[in-house]
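So you can see what is in the structure, the chains are spelled out below.
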Amino acid sequence: MPLMRFTISLFPRSLKSPALAATALLAAIAGAASPLCAQDAGATAETPIAPKTGALRVVLQDRLPFKTQLEQDVASLKAEAAVLRKLPGKNSQKLAATASSEAKRLAGKEIPNIPDDVISVRQHAKNWVPSETAVIICDMWDRHWCKHATARVAEMAPFINEFVHAAREKGVRIVHAPSSTLDFYKDHPARLKARQYTKRGKNEWAKNLKGEPGGPGLEARNGGCPECRPGTAWKRQIDTITISNDDFISDNGAEVIGYFRDKGVKNVLLVGVHTNMCVIGRPFGLRAMQHARFNTALVRDLTDLMYNNVIGRETKKEGGGAPYINHFSGLDMQIDYIERYVCPSILSTDITGKKPFRFKEDTRKRVAFLAAESEYRSSQCLQEFGAELNLRGIHADYALGRPIMDGPGRFNLENTQIIDNADLAFVFMRRRALPAAQMDAIRNYLASGRPLVAMRTASHAFAPKGNVPREGGVVEAAKDAKTALDSSLASWPKFDEEVLGGKYNGHYSRNKDGSTFVIVESGKGHPILKDVDFGAEGLVTPNWLYNYTNNGKEKLTSAKATVLIEGSTKEKGKTVREPVLWVNEAGAGTVVYTSFGHWDDWKKAPFRKLLHNTVDHLLAQPRKD
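Residue positions are given per chain, counting from 1 as you read along its sequence in written order. Selection of residues for local features in this predicted model requires a pLDDT of at least 70, selection of side-chain atom pairs for listing and counting requires 80 or more, and totals for whole chains, interfaces and linings are taken over all residues. The side-chain figures draw on all heavy atoms in the structure; neither hydrogens nor water molecules are used.

## Quick look at helix 15 (residues 605–619)
In DSSP terms, a helix is any run of H or I states spanning at least four residues, a strand is any run of E spanning at least two, and both are numbered starting from the N terminus. The span one expects for a helix is its residue count, reduced by one, times 1.5 Å. Helix length check: helix 15 (15 residues) gives 21 Å between terminal C-alpha atoms against 21 Å at 1.5 Å per residue, within 8%. For helix 15, the buried fraction is high: eleven of the 15 residues fall into the buried class. Three or more residues of helix 15 are buried, namely Pro 606, Phe 607, Arg 608, Leu 610, Leu 611, His 612, Asn 613, Thr 614, Val 615, Leu 618 and Leu 619. Three labels apply to residues, based on accessible area from a 1.4 Å probe with only protein chains included: buried if under 20% of the type maximum, exposed if over 50%, partly exposed otherwise in between.

## Brief notes about the nonpolar core
Remark: nonpolar core denotes a set of buried residues (Ala, Val, Leu, Ile, Met, Phe, Trp, Tyr, Cys) joined through side-chain atoms within 4.5 Å. Residues Phe 426, Leu 452, Phe 462 and Ile 565 are the most contacted members of the largest nonpolar core, which totals 81 residues. Not counting the four nearest positions on each side in its chain, Phe 426 is found in contact with Val 367, Ala 368, Phe 369, Leu 370, Phe 385, Val 453, Met 455, Leu 611 and Val 615. Grouped together as the second largest cluster of nonpolar side chains are 39 residues, Ile 136, Ala 194, Ala 288 and Ile 325 included. By the convention used here, residues are in contact when the closest approach between their heavy atoms is within 4.5 Å.

## Some words on the layout of surface pockets
Quantified by volume, the largest pocket comes out at close to 520 Å³. In terms of lining residues, the largest pocket is bounded by 30 residues, among which Arg 300, Asp 332, Arg 366, His 395 and Asp 397 are the most central. The set of elements that each furnish at least two residues to the lining of the largest pocket consists of strand 1 (56–65), strand 7 (295–303), helix 10 (327–341), helix 12 (378–391) and strand 10 (395–400). Element by element, the count of residues in the lining of the largest pocket is highest for helix 10, at six residues. Residues belonging to the lining of the largest pocket are distributed by class as follows: eleven nonpolar, eight polar and eleven charged. A 1.4 Å probe that fits into a set of points on a 1 Å grid over the protein atoms alone but cannot get out defines a cavity; an open set with protein on both sides within 12 Å along at least five of seven lines defines a pocket, and lining residues are those with an atom within 4 Å of a point. Grid points are joined across faces, edges and corners, and a volume is the space filled by probe spheres set on the points. Only Asp, Glu, Lys and Arg are considered charged in this grouping, and only Ala, Val, Leu, Ile, Met, Phe, Trp, Tyr, Cys and Pro are considered nonpolar; every other residue, Gly among them, is considered polar.

## Focus: the environment of Leu 500
Its location among the elements puts Leu 500 in helix 14 (residues 495–500). Along the primary structure Leu 500 and Leu 452 are separated by 48 residues, whereas in three dimensions their C-alpha atoms are 9.2 Å apart. Excluding anything up to four places from it in sequence, Leu 500 contacts Leu 452, Ala 454, Ala 458, Ser 459, Phe 495, Trp 582, Asn 584, Val 591 and Tyr 593.

## A short note on the state of the cysteines
Cysteine sulfur atoms that come within 2.5 Å of each other are treated as a disulfide pair. In total, this model carries zero disulfides according to the counting rule given. Left without a disulfide partner, Cys 138 is nearest to the cysteine sulfur of Cys 278, which lies 5.2 Å away. The class of Cys 138 is buried, set by a relative accessible area of 0%. The cysteine Cys 146 is free of any disulfide, with Cys 225 supplying the nearest cysteine sulfur at 3.3 Å.

Structure below.
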């Protein structure tokens with residue numbers, strides 16, 4: 001498993017010495033962490049929104065057991081509560097009580113019910129000190145024996161150069177590692193610098209990390225190329241990437257690690273090729289950096305892989321190039337594997353402030369999943385669904401909030417820039433206010449006319465209840481007493497009426513017999529319901545119904561909404577019925593809302609078929625922007 005990491009989500013302004021609070025909080029987090037994460041916890045600290053002055057704010061994405069994620073959130077909330085209790089003021093004590101209460105809820109109610117093998121995707125921000133951070137450029141050669149790899153390297157190189165330039169300007173150390181070409185650089189100042197570290201240790205390919213199965217099963221025969229003959233073609237690093245005299249040139253892991261330790265480097269980013277070979281396994285690769293206990297991350301949009309998706313395709317021969325997906329879906333599968341078993345990843349955007357890189361031949365549709373709730377395991381279910389979409393040639397991105405119902409850091413959503421390039425967005429959030437820029441990104445997406453799928457708690461996604469503490473590193477009462485919402489955060493309490501087309505009125509009781517769902521007569525024949533079979537008696541799940549009857553009057557608030565599925569349940573001895581899935585033409589774009597989304601819903605094949613149909617139907621519509 002990757003190194004475990006804890007997110008530190010606030011620094012109190014009310015304390016006379018904020019540094020003391022930071023130190024105490026770091027100590028508490030490190031104390032709660034396992035030995036593996038002590039170095040990481042002690043090295044960095046961050047707020048949910050803004051980095052410390054001069055710091056590199058990176059958003060790490062990894063995949064880990066959902067139970068582990070909850071356990072880490074419990075430890076983090078307890079540590080935050082302990083620090084808050086020592087601060088002056090009633091508000092600090094109130095926030096401490098809130099954090100402690102949420103920790104108890106998660107520990108006592110949620111964790112015991114989740115199987116150990118349930119995996120979730122997670123994003124958490126870190127502030128890294130630039131001088132303690134390095135970038136390794138792996139095997140970006142001038143020429144590869146595979147013509148396709150050569151072309152992709154040439155296409156990606158200018159963007160890596162831009163990334164490296166931005167990092168270098170911020171004070172990050174740059175290591176160029178074009179393997180087997182060091183003779184070309186024997187007199188270069190950046191290579192001469194490396195020679196003093198030559199005898200520091202062995203230079204061997206790294207072994208698999210503990211618990212790592214070996215790979216996601218992507219075919220790599222013939223060197224991972226469908227048609228070219230393997231060999232040696234490279235002589236140097238591609239000259240598109242500038243090498244400064246102050247950089248470091250080496251393909252020797254011992255040299256690189258010795259240099260890092262000598263200079264106090266704690267954080268390492270990897271760019272270059274190829275994720276399933278050199279990037280992961282070289283003596284200076286991801287595994288080696290993890291073995292050496294650096295905080296390591298792959299820059300997931302500045303990499304590639306060697307994947308032979310042709311072998312066995314025609315005959316589907318056993319042991320062939322399964323799963324027969326396109327090259328870029330194979331790359332996504334490899335990155336998912338790295339995030340689960342090796343180390344987190346980041347986007348180049350964190351350093352450049354620009355859009356992530358995308359290969360011109362990667363013409364797949366893109367789905368953005370926005371999730372922030374703690375009741376229905378959305379970070380588990382959506383990443384599982386995203387993996388299914390990937391096998392069908394659809395790319396999935398994630399913008400995630402902290403999966404807690406209460407406590408510090410919940411009013412924030414990481415990676416919202418992914419929505420800019422999305423062809424379809426999913427929203428599965430619950431009662432979150434957001435920084436204005438993040439809410440603007442969502443509003444701009446909807447104004448563009450692109451489609452939306454809103455799931456379950458999305459009916460009250462942006463309608464926070466109670467006092468909303470100011471986020472971004474400051475603990476203080478909300479300034480606007482009337483709305484209880486700080487001016488630095490934005491809410492959208494009528495999102496359900498204005499976008500989804502129905503007014504959320506709470507939910508019915510949790511019936512032990514669950515709820516029964518049927519396809520309504522007017523919905524039959526709709527593309528979303530193609531080959532969806534709920535059976536003669538309807539589909540039954542433990543899901544409890546949401547109330548959209550608008551106080552007993554009309555079912556929905558939008559005249560353009562078409563109900564496709566209804567649900568029924570028993571409430572105080574009586575049968576009640578509610579719309580469960582409808583299609584609404586909201587302004588410029590099409591919106592599909594469903595109150596499905598309970599984790600048991602995802603176990604039902606008809607529901608998953610329904611969701612795949614929904615994605616296909618919405619992606620088939622021409623983009624209106």
